[in-house]
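Letter by letter, the chains look like this.
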Amino acid sequence: MTAARTSIPADRPQLGLRERKKIKTRTAIRDATYRLIEEQGYDATTIEQIAELAEVSPSTVFRYFPTKEDIVLTDEYDPLLESELRARPTDEPPMDSLRYVLKKAVSVGMADDPEVTRVRTRLMAEVPAVRSRMMESMSVTGHLLCQVIGERTDRDPGSFEVRVFAMSLVGGLMEVSLYWAEHHHEDDFADLVDRALNVLEHGLAPRPK
């Protein structure tokens, strides 16, 4: 398994020393977690083992990640989704904006570390605790999308229609990850995201006769 990327791309703002140290610590914890899971499985991996391998204290691990599941699931893509959606043209149809932003987020995630993405989705599919925590995490993403979509469409972010739209999107993306893992990552992840958006936008196509 490759190590998680810690360098900052040239087109992103350069971070201060304190923030770079935080990223380095988070990366060390994640790398240790994935290495231990690969060697001995998810359930056998403890916070104490992760801390020892990452050369930090268990309290430091918990300071960055409240649960072991969060080490697997936490990423920095929600701020990317929010900023990119807000940057899209205001007259662009919501689904077009989401398609553009999600494709960009997928490309960034796969470019950063495709193997880690595969391991994360496999654990989502195989470990009930990870899958449960993923649902909680995706709910947070859904509320963020409600806010941005509501603003862009001049609707109340808490309205029924906005909530159904945003949460349908979140549920679809969760199923993309599970489907991809359950089918041994054979499909192109970006293509699956695009197919999911097509279903949400157009509904189920008639079955061929």
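These figures come from a predicted structure and were not determined experimentally.

Cut-offs applied
Residues numbered from 1 in each chain as written. Predicted model: local features only at pLDDT ≥ 70, side-chain atom pairs only at ≥ 80, totals over all residues. Heavy atoms only, no water. Core = buried A, V, L, I, M, F, W, Y, C linked by side-chain atoms within 4.5 Å. Buried < 20%, exposed > 50% of the residue type's maximum accessible area, 1.4 Å probe, protein only. Helix = DSSP H or I, 4+ residues; strand = E, 2+ residues; numbered from the N terminus. Polar contact = N/O pair within 3.5 Å; in protein donor to acceptor, adjacent residues only side chain to side chain. Contact = heavy atoms within 4.5 Å. Arc of directions from axis to C-beta. Axes fitted to C-alpha atoms, helices over the stretch in contact; angles between N-to-C directions. Parallel < 35°, antiparallel > 145°, perpendicular 65-115°, else oblique. Nonpolar A, V, L, I, M, F, W, Y, C, P; charged D, E, K, R; others polar. pLDDT = per-residue confidence, 0-100. Salt bridge = Lys/Arg side-chain N within 4 Å of Asp/Glu carboxyl O.

### Observations regarding the nonpolar core
- Core analysis: the biggest nonpolar cluster contains 42 residues, and Leu123, Val130, Leu145 and Val193 have the highest contact counts within it.
- The set of elements that each furnish at least two residues to this core consists of helix 1 (17-40), helix 4 (68-73), helix 5 (77-87), helix 6 (94-112), helix 7 (114-126), helix 8 (128-152), helix 9 (160-182) and helix 10 (189-202).
- Considering every element that reaches this core, the biggest residue donor is helix 9, with nine residues.
- Residues Ile47, Val61, Tyr64 and Phe65 belong to the second largest nonpolar core, which totals 11 residues.

### A closer look at the side chain of Thr45
- With respect to the secondary-structure elements, Thr45 resides in the loop between helix 1 and helix 2 (47-54).
- Polar contacts involving the side chain of Thr45 include one to the main-chain carbonyl oxygen of Gly41, which spans 2.8 Å.
- Setting aside its immediate chain neighbours within four residues, Thr45 contacts Leu36, Ile37, Gln40, Ile50 and Lys68.

### Remarks on helix 2
- Those residues of helix 2 that fall on the buried side of the exposure criterion are Ile47, Ile50, Ala51 and Ala54. Down the axis, helix 2 shows its buried residues gathered within 100° of arc, on one side only.
- Turning to helix 2, the residues buried within the fold contact helix 1, helix 3 (58-64) and helix 4.

### What to know about the packing of helix 7 against helix 8
- Viewed as axis vectors pointing N to C, helix 7 and helix 8 meet at an angle of 105°, and their least axial separation amounts to 5 Å. Considered as vectors, helix 7 and helix 8 are oriented roughly perpendicular to each other. Side by side, helix 7 and helix 8 meet where Leu123, Met124, Ala125 and Glu126 of the first sit next to Pro128, Val130, Arg131 and Met134 of the second.
- Here the residues of the contact of helix 7 with helix 8 are counted per class, giving six nonpolar, no polar and two charged.

### As for the confidence of the model for the chain
- Scored by pLDDT, the chain has a mean of 88; 92% of the residues are at 70 or more.
- No element of the chain has a lower mean pLDDT than helix 5, which averages 85, and none a higher one than helix 2, which averages 97.
- Across residues 1-13, where pLDDT falls below 50, the model places 21 contacts with residues more than four positions away in sequence or in other chains.

### Concerning the pattern of salt bridges
- Scanning the model with the defined rule gives 12 salt bridges in all.
- Asp70 is the partner of Arg133 in a salt bridge, and the nearest nitrogen-oxygen pair spans 2.9 Å. With Arg133 in helix 8 and Asp70 in helix 4, this residue pair connects regions lying 63 residues apart in the sequence.
- Using a relative accessible area of 25% as the deciding quantity, one classes Arg133 as partly exposed.
- Of the charged contacts in the structure, one is a salt bridge between Arg99 and Glu201, with a shortest N-O distance of 2.9 Å. Of this pair, Arg99 sits in helix 6 while Glu201 sits in helix 10; the two residues are 102 residues apart in sequence, bridging distant segments of the chain.
- A cluster of three or more residues bridged by salt bridges with shared partners is formed by Arg99, Lys103, Asp194 and Glu201.

### A closer look at the environment of Leu102
- Mapping Leu102 onto the fold places it in helix 6.
- For Leu102, a relative accessible area of 8% corresponds to the buried category.
- For the pair Leu102 and Glu84, spaced 18 residues apart in sequence, the C-alpha to C-alpha distance is 9.3 Å.
- Excluding anything up to four places from it in sequence, Leu102 contacts Leu81, Leu169, Leu173, Val193 and Leu197.

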